[in-house]
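Okay, here's what each chain looks like letter by letter:
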Amino acid sequence: MTLDKNFDPAAIEARWYEHWETKGLFRPERKDAEPYTIVNPPPNVTGSLHIGHALDNTLQDIIIRHERLKGKDALWVVGMDHAGIATQMVVERQMGELQQKRTDLTREEFVEKVWKWKEESGGTITKQLRRLGCSMDWANERFTMDEGMNEAVLKVFIDLYNDGLIYRDKRLVNWDPALKTAISDLEVETTDVKGSFWHFKYPLADGAKLDDGRDYIEIATTRPETMLADMAIAVHPSDERYKSVIGKEVLQPITGRRFKIVADEHADPELGSGAVKITPGHDFNDFEVGKRAGIATGDMFNMLDGEANVCQTSDGLVPEEYIGLHRFKRGGIDGARELVIKQLKELGLLIPHVSKNKDGEEVEHDAEPRTIATPFGDRGGVVIEPWLTDQWYVDAETLAQPAIKAVREGDIEIVPKTWEKTWFNWMENIQPWCVSRQLWWGHRIPAWFDDDGNIFVAEDEAAAQKQAGEGVNLSRDEDVLDTWFSSALWPFGTLGWPEETDDLKRHYPNDLLISGFDILFFWDARMAMQGIQFMKDVPWKRLYLHGLVRAEDGSKMSKSKGNVVDPLGLIDQYGADALRFFMAAMESQGRDIKMDDKRVEGYRNFATKLWNASRFCEVNGIGASKTLAAPEAALPVNRWIISEVVETQQALDKALTDLRFDAAANTIYHFTWDRFCDWYLELIKPLLQGDDASAADETRAVAGWVLDQIIVMLHPFMPFITEELWHSMAQEDGGRNYDLIVAKWPAPKAEIDTVAKSEIDWLIKLVSEVRSTKVELNIAPGTKMAAHIRDGDSALMEKVARHNPALDRVGRLESISADPAPEGPSAQLVVDGATYVLPLAGAIDIDAEKARLTKSLEGVSKEAKSLEGRLGNANFVEKAKPEAVEKARADLADKTAEAERLQAALDRLG
RNA sequence: GGGCGUAUAGCUCAGUGGUAGAGCACUUCGUUGACAUCGAAGGGGUCGGGAGUUCAACUCUCUCUACGCCCACCA
């Protein structure tokens, strides 16, 4: 015996992973095989494995191992993302600890430092993915900033620019004042925050008055500080209160700037006073209103610098005391907001908010409390400032059209289908994508400017110079591209594009993309847009979106809440196979997964169960299968289990094709435990130890074959234990000549044997019935009994004879005969149209037996009655499907007969 | 404001137009050499409320309620 009593995952996992990787088995040479391709969402180089990665990568590994076992040329592309902002932040933080800052270095020095960090500390996650058992093509590991990807990014940028799909534009962007870079709409997270709504008076200029006689106009704002850059007041064109002052001017109380009251639909008469201050340089709506009011973008005032400190506007009207103040209170120091409020209050221009306190007294406050949806940067964590700058934009609207069409026409199948609407909804309302970032780590934008601001986009400086002409002074754009710009090229950039490589031809489009729905817009949508634009074909034929792994209580895992579950801890505790199986079993389409350690433990137990079943086989001379096809078998129990394998394999293949990971996992789980371990291995025990050598030989051959099929079918889910068993089960035969990871998926070449199936079903039913009877009559389970059959035909008696040893050993029925039972107490079982009378040696608890039979009878009668009722309904017989009527009739006949037998048994008890 | 999802056994979740399943938890019994990380036998659900379609609804339609998510917006 070579297998230990208990399965210890830690003892084998690292060994097998290294074996697979060093032998190159993650991507065996299969030039003539049909390709199958998926690309891994490149994890951040700064990242470490979290539970979401564990889910995402387990699902991908299941698919790729399944396809590899089916003989495909299965390629799972892997690599890392340079993660511009995240990585730069990590390195800057490290420098900060040494009292250094990025700007102490030149750009080149800093970038070099980041590369050095990457070499030394980056890529933790690649080792962790190995612990999970992921069979990626590490031999060709990529990086979004490696040479090939750089080339792809360069070409994409230049081509899009030349096609007018990338352009430079001055407009408001989401500016992160902490990181001092622009970010895209997707990187902004809007959160409700408790804030204030201030009401102020803006005096009307030139002695103008409202119809009601007031010489000021009331405005309300949540951002008082931006009034230093106000350029208009907007009122609704149909608002009677203000019609007479449209076109008149107001005097901004702090800057003294004069500007007009304009009519614009944006102003909501219901909100505040109905008049709104317009600050085109610091608010997205105001920007649009300003443009409509005829203010040129270049003339819009900008009163904040890159860190959101107040700076002078181009008209020089911001008072000196404001310059350098932060936009709002920070670190206990008042900002521009607080100063504005203070000054206006002193000027008597603040309109207090009046509310009643709990005693019903009126109380004045500076402002009205209000919940404000506030934009935050997803990395920097500070409030985003809309800021007027020059940035590079991708014309996403144009690129989105073919991506919409691809899904609409089925070139891309989204699974689950409900996500299609989200895809369309986003794509159809897509905004220009801001792709420039004011960082140093990333793909530097290949654009050069001359002294007049003319732009030259080219592959290098020499080419740009050529465009600009000899002697023209050029300077390169300082900005880098959004990280997602490069990862959008992953499905073809990693395959050699822009070169026309064999890999590219063979593996594009990819067959499937698996990703969390949280990166649907960030990554998936952009891959679709870029893929179709540059490859003239979709990046993948199917897109599978899975949910989030949540904490046990259903909340989102987050470091701040401290409820993060570490997948590596679970691997240490239960083994990678158990964690993987958990992920698969819990992954039903369209639902998040709640973490449940008990369930992971359950799958560890499943692994142990399989391990022990293999030990049983080993000690009984059952070894590796000699054939791929099912062995020839004459015994019903063997023919039955072969049929069960065929059905299991069909169900498993279907589930995997349908991307129903839960169904796939459950299929193999229940076959292994319920069918193979609980019944088959029990039923064959007497055969293995019996006198009939040929029966024993046949059974050993079949059992070995079935165990092999289980090991192969389970391998995508539990790669480590199965590889271990694959080899250890063959030791007696001198070992396997190939590894399980590249073995062949089951091909039983066997029909489903309905005769054997019904025979074993009967056997299982009879044994189960005997067992439950004993429990209910308080008979010790081990007690051997004799059975006398009533109403049994010769076919039944032959069946009984065939299964005598199993009935004896598993059912504890030492004899079964057609002879009438002797007088005296007995238990009676009704199974499949025959009654089995079991004489009892001692006194029988007649009442218990009556109760048992009565309960059975009631159940059967109830079903029969319901069927009768249905069949008695003329509408049912006429309108229902004939099969349904037929089935109801057959069921009724069965139930009626069973009820009669049970009644007869009861009658015999007196 | 728009969109999506979820409500089934104590818990976490599958599921099908024809009288409901799994894992865990629970109860009782059990060490006959694969396995106590186990085996056997059980208990437990009017499938969120209401209406409709149908011979038949947990399953389809509508509606209500509760919870969750996404997008947009609220000066």
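Look up: the structure comes first, before these words.
Keep in mind the model is a prediction, meaning the values are calculated, not measured. (Residues numbered from 1 in each chain as written. Chains lettered and ligands numbered in written order. Predicted model: local features only at pLDDT ≥ 70, side-chain atom pairs only at ≥ 80, totals over all residues. Heavy atoms only, no water.)

Enquirer: Looking at this structure, I do not really get the overall build of chain A. What am I missing?
Expert: Check the secondary structure of chain A and you find 28 helices and 32 strands. Since a compact globule built from 910 residues should have a radius of gyration of about 29 Å, the 38 Å found for chain A marks it as more spread out than a globular shape. Across its three principal directions, the C-alpha atoms of chain A cover 120 × 75 × 55 Å. Expressed as a percentage of the 910 residues in chain A, the buried residues total 53%. Looking at chain A alone, contacts between residues at least 24 apart form 76% of all its contacts between residues at least 6 apart. Accessible area for chain A stands at about 40300 Å²; split by element, carbon and sulfur atoms hold 48% of it. (Helix = DSSP H or I, 4+ residues; strand = E, 2+ residues; numbered from the N terminus. Rg over C-alpha atoms; globule rule 2.2 N^0.38 Å. Buried < 20%, exposed > 50% of the residue type's maximum accessible area, 1.4 Å probe, protein only. Contact = heavy atoms within 4.5 Å. Areas by Shrake-Rupley, 256 points an atom, 1.4 Å probe, with all protein chains shown as cover.)

Enquirer: Please explain the protein's contact with RNA strand B as it appears in this structure.
Expert: Inspection of the region around RNA strand B gives 56 residues, with Leu271, Asn285, Ala373, Ser588 and Glu863 positioned closest. Protein-proximal atoms of RNA strand B, defined as those within 4 Å of the protein, fall in sugar or phosphate at a share of 61%. Contact between RNA strand B and Lys609: a base oxygen at 2.7 Å from a side-chain N or O atom of the residue. Broken down by element, the residue count for the surface near RNA strand B peaks at 10 residues, all from helix α18 (residues 597–619). (Near = heavy atom within 4 Å. Polar contact = N/O pair within 3.5 Å; in protein donor to acceptor, adjacent residues only side chain to side chain.)

Enquirer: Sorry if this is basic, but what is going on with the nonpolar core here?
Expert: Soluble globular proteins tend to bury their nonpolar side chains together. Ranked by internal contacts, the top residues of the largest apolar core, which has 147 residues, are Phe581, Phe676, Tyr680, Phe717 and Tyr836. No other element matches the 15 residues that helix α20 (residues 661–689) contributes to this core. Among all residues touching Phe581, those that are not within four sequence positions of it are Tyr603, Phe606, Ala665, Ile668, Tyr669, Leu714, Phe717 and Met718. Counting residues in hydrophobic clusters, the runner-up holds 58 residues, among them Val156, Leu160, Leu399 and Ile412. (Core = buried A, V, L, I, M, F, W, Y, C linked by side-chain atoms within 4.5 Å.)

Enquirer: What should I look at first to understand helix α3 (residues 84–97) in this one?
Expert: Residue pairs spaced three or four apart in an α-helix point in one direction, given the helix's 3.6 residues per turn. Spanning 14 residues, α3 covers 20 Å between terminal C-alpha atoms, matching the ideal 20 Å at 1.5 Å per step. For α3, the set of buried residues is Gly84, Ile85, Ala86, Thr87, Gln88, Val90, Val91 and Met95. Check the buried side of α3 and you find it contacts α4 (107–121), β6 (181–183) and α12 (483–487). With its phi angle positive at about 60 degrees, Gln99 sits one or two positions after the end of α3. (Expected span 1.5 Å × (residues − 1).)

Enquirer: Please clarify how the layout of surface pockets should be interpreted in this entry.
Expert: The probe, sized like a water molecule, is rolled over the atoms to show the empty space still left. Estimates place the volume of the second largest pocket at around 1200 Å³. Around the second largest pocket sit 41 residues that line it, and Thr222, Arg223, Asp283, Ile372 and Ala373 are the ones nearest its centre. Secondary-structure elements contributing two or more residues to the lining of the second largest pocket are β7 (188–203), β8 (216–221), β12 (275–278), α7 (284–292) and β16 (367–377). Looking at the lining of the second largest pocket element by element, the count peaks at 8 residues for β7. Its residues assigned to classes, the lining of the second largest pocket comprises 18 nonpolar, 15 polar and 8 charged. (1 Å grid on protein atoms, 1.4 Å probe; cavity = no way out; pocket = protein on both sides within 12 Å on 5 of 7 lines; lining within 4 Å. Points joined across faces, edges and corners; volume = space filled by probe spheres on them. Nonpolar A, V, L, I, M, F, W, Y, C, P; charged D, E, K, R; others polar.)

Enquirer: Looking at this structure, how should I read the packing of helix α16 (residues 567–574) against helix α17 (residues 576–586)?
Expert: The relative placement of two packed helices is expressed as an angle between their axes plus a distance between the axes. Viewed as axis vectors pointing N to C, α16 and α17 meet at an angle of 120 degrees, and their least axial separation amounts to 7 Å. Here α16 is positioned oblique relative to α17, judged by the angle of their axes. Within the contact between the two elements, α16 uses Pro567, Leu570, Ile571 and Tyr574 and α17 uses Ala576, Ala578 and Leu579. The residue inventory of the contact of α16 with α17, partitioned by class, reads 7 nonpolar, no polar and no charged. (Axes fitted to C-alpha atoms, helices over the stretch in contact; angles between N-to-C directions. Parallel < 35°, antiparallel > 145°, perpendicular 65-115°, else oblique.)

Enquirer: What is the right way to look at the packing of aromatic side chains in this model?
Expert: Note on aromatic pairs: each is described by the distance of the centres and the angle between the planes. Counted by the stated rule, this structure contains 32 aromatic pairs. With centroids separated by 5.2 Å and ring planes inclined at 80 degrees, the aromatic side chains of Trp115 and Trp441 adopt a geometry described as edge-to-face. With Trp115 in helix α4 and Trp441 in the loop between β20 (436–437) and β21 (447–449), this pair connects stretches of sequence that are 326 residues apart. For the pair Trp497 and Phe534, a centre-to-centre distance of 5.5 Å together with 65 degrees between the ring planes defines the contact as edge-to-face. One end of the pair, Trp497, is in the loop between α13 (490–493) and α14 (502–507); the other, Phe534, is in helix α15 (residues 520–535), and 37 residues separate them in sequence. We note that Trp497, like Phe534, is buried. Among the aromatic residues, ring-to-ring pairing joins Phe581, Tyr603, Phe606, Tyr669, Trp673 and Phe717 into one connected group. (Phe/Tyr/Trp six-rings, centres within 6.5 Å; stacked < 30°, edge-to-face > 60°.)

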